[in-house]
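Now for the letters of each chain:
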Amino acid sequence: MEKDTIQYIVDAVEQANPQRNPANLNRRLHKMLEELGELAEAYLNATSKNNLKGKTWADVKEEVVDVLIVAVDIVLTDIFDGDEYGIGKPKEMILWLAENVSHAYQCAAKVGCVPTYDLIMQDILNDLALYWGKYDTEVRTAHSRGVRMVSGIFTLVQNVYESDAPPEGDDEIIAEVDRKLAKWATSRNKVAEIDPEG
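Residues numbered from 1 in each chain as written. Predicted model: local features only at pLDDT ≥ 70, side-chain atom pairs only at ≥ 80, totals over all residues. Heavy atoms only, no water.

A.B. asks: I would appreciate a short explanation of helix α2 (residues 25–46) in the present structure.
C.D. replies: An α-helical turn contains 3.6 residues, so a residue and the one three or four places further along point in the same direction. Taking 1.5 Å as the rise per residue, α2 with 22 residues should run 32 Å; its terminal C-alpha atoms sit 31 Å apart, in good agreement. Among the residues of α2, L25, R28, L29, M32, E35, L36, L39, A42, Y43 and N45 are the ones counted as buried. (Helix = DSSP H or I, 4+ residues; strand = E, 2+ residues; numbered from the N terminus. Expected span 1.5 Å × (residues − 1). Buried < 20%, exposed > 50% of the residue type's maximum accessible area, 1.4 Å probe, protein only.)

A.B. asks: Explanation requested: the nonpolar core in the structure shown.
C.D. replies: Within soluble globular proteins, side chains that are nonpolar generally end up buried alongside one another. Among the nonpolar cores identified, the biggest contains 52 residues, and M32, I153, F154 and L156 are the most heavily contacted of them. Contributions of two or more residues to this core are made by α1 (3–16), α2, α3 (57–76), α4 (89–110), α5 (117–134), α6 (139–163) and α7 (171–194). In terms of residue count, the dominant contributor to this core is α3 (13 residues). Each residue touching L156, except ones within four places of it in the same chain, is listed here: L39, V64, Y117, I120, M121 and I124. (Core = buried A, V, L, I, M, F, W, Y, C linked by side-chain atoms within 4.5 Å. Contact = heavy atoms within 4.5 Å.)

A.B. asks: In this structure, what is going on with the packing of α2 against α3? I would like to understand it.
C.D. replies: The relative placement of two packed helices comes down to the angle between their axes together with the axis-to-axis distance. Two elements in contact, α2 and α3, have axes whose closest approach is 9 Å; the angle formed by their N-to-C orientations is 165 degrees. In terms of axis orientation, α2 runs roughly antiparallel to α3. Crossing of α2 over α3 shows left-handed handedness. Listed contacts from α3 to L25, R28, L29, K31, M32, E35, L36, E38, L39, A42, Y43 and A46 of α2 are W57, D59, V60, E63, V64, D66, V67, V70, A71, D73 and I74. The residue makeup of the contact of α2 with α3, split by class, is 15 nonpolar, no polar and eight charged. (Axes fitted to C-alpha atoms, helices over the stretch in contact; angles between N-to-C directions. Parallel < 35°, antiparallel > 145°, perpendicular 65-115°, else oblique. Left-handed = near helix turned anticlockwise from the far one by under 90°. Nonpolar A, V, L, I, M, F, W, Y, C, P; charged D, E, K, R; others polar.)

A.B. asks: What is the right way to look at the packing of aromatic side chains in this model?
C.D. replies: Here the distance between the centres and the angle between the planes together describe a pair of aromatic rings. Applying the stated rule across the entire model yields two aromatic pairs. On the numbers, 3.8 Å between centres and 5 degrees between planes, the contact of Y43 with Y117 is stacked. Here the residue Y43 occupies a position in helix α2, and Y117 occupies one in helix α5, the gap between them amounting to 74 residues. A residue is classified by how much of its surface remains accessible, and Y117, at 9% relative accessible area, is buried. (Phe/Tyr/Trp six-rings, centres within 6.5 Å; stacked < 30°, edge-to-face > 60°.)

A.B. asks: What's the story with the environment of M121 in this structure? I'm lost.
C.D. replies: Checked against the element boundaries, M121 lands in helix α5. Sequence spacing of M121 and L156 is 35 residues, and the spatial spacing of their C-alpha atoms is 7.4 Å.

A.B. asks: Sorry, what's going on with the confidence of the model for the protein here?
C.D. replies: Residues shown with low pLDDT carry predicted positions that ought not to be read at fine detail. With 83% of its residues at a pLDDT of at least 70, the protein reaches an overall mean of 83. Counted against residues more than four places away or in other chains, residues 191–198, with its pLDDT under 50, gives zero contacts. (pLDDT = per-residue confidence, 0-100.)

A.B. asks: Looking at this structure, I do not really get the environment of E14. What am I missing?
C.D. replies: Note on placement: E14 falls in helix α1. In this structure E14 comes out as partly exposed when scored by relative accessible area, which is 29%. Among residues more than four places away in sequence, those in contact with E14 are R20, L76 and K91.

A.B. asks: Can you help me understand the pattern of salt bridges in this one?
C.D. replies: Close approach of charged atoms allows side chains with opposite charge to pair. A complete count under the given rule lists 14 salt bridges for this structure. Between K31 and E34 there is a salt bridge, with its nearest N and O atoms 3.1 Å apart. With K31 and E34 both in helix α2 and three residues apart, the pair spans about one turn of that helix. On the basis of relative accessible area, K31 is assigned to the partly exposed category, the value being 29%. Between K180 and E62 there is a salt bridge, and its shortest N-O distance comes to 3.2 Å. (Salt bridge = Lys/Arg side-chain N within 4 Å of Asp/Glu carboxyl O.)

A.B. asks: Looking at this model, I keep getting lost on the side chain of D66. Mind explaining?
C.D. replies: With respect to the secondary-structure elements, D66 resides in helix α3. Side-chain polar atoms of D66 contact the side chain of K180, separated by 3.1 Å. The residues contacting D66, other than those within four sequence positions of it, are E35 and K180. (Polar contact = N/O pair within 3.5 Å; in protein donor to acceptor, adjacent residues only side chain to side chain.)

A.B. asks: What exactly am I supposed to notice about the packing of α2 against α5 here?
C.D. replies: It is at 12 Å that the axes of α2 and α5 come closest, and there the two elements cross at 165 degrees. Compared by their axis directions, α2 and α5 come out roughly antiparallel. The handedness of the crossing between α2 and α5 comes out as left-handed. Residues L25, N26, L29, H30, M32, L33, L36, L39 and Y43 of α2 lie in contact with α5, whose contacting residues are Y117, D118, M121, L125, L128, Y131 and W132.

Below, the structure is given as structure tokens:
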């Protein structure tokens, strides 16, 4: 995944939720679990001989983008409460680490030793658990785990999008992110119309 793609996705998610509120973080983490469950369901069915739910790899691609969007939104949430360390750090660190992880992934792909979906997912779940357990007590530790989680999810997206066909650039990923965020904005507007006070 190119650096510009990572920047575009992080910027788009940041702009899609201008009123990111730390008080809603626990709900966002539950949303993350929901999205991971939907991804797991799509993956299990798409890779199963039985595939009782008729899922395809396109469903896996769609669900992994949902996971990415929610994870970026979570980690962009300011949990630092005035700590100067945190000003501007979440976005800056996501971009730096995701770019480096993506570069390492591309190098590994050239020599045929790409990390598997399962290994990437194990790291993501570990980082999610550590972030959730510390975001309100050990802020800096939680932040670094959150950034690692997002970087892992960028790697997972790359793995999913490149595993069924030769890479065609990042246009397909960007198009799916745009589609999901447009849907997200529509949902938020409907909620605001029903309850303008939030």
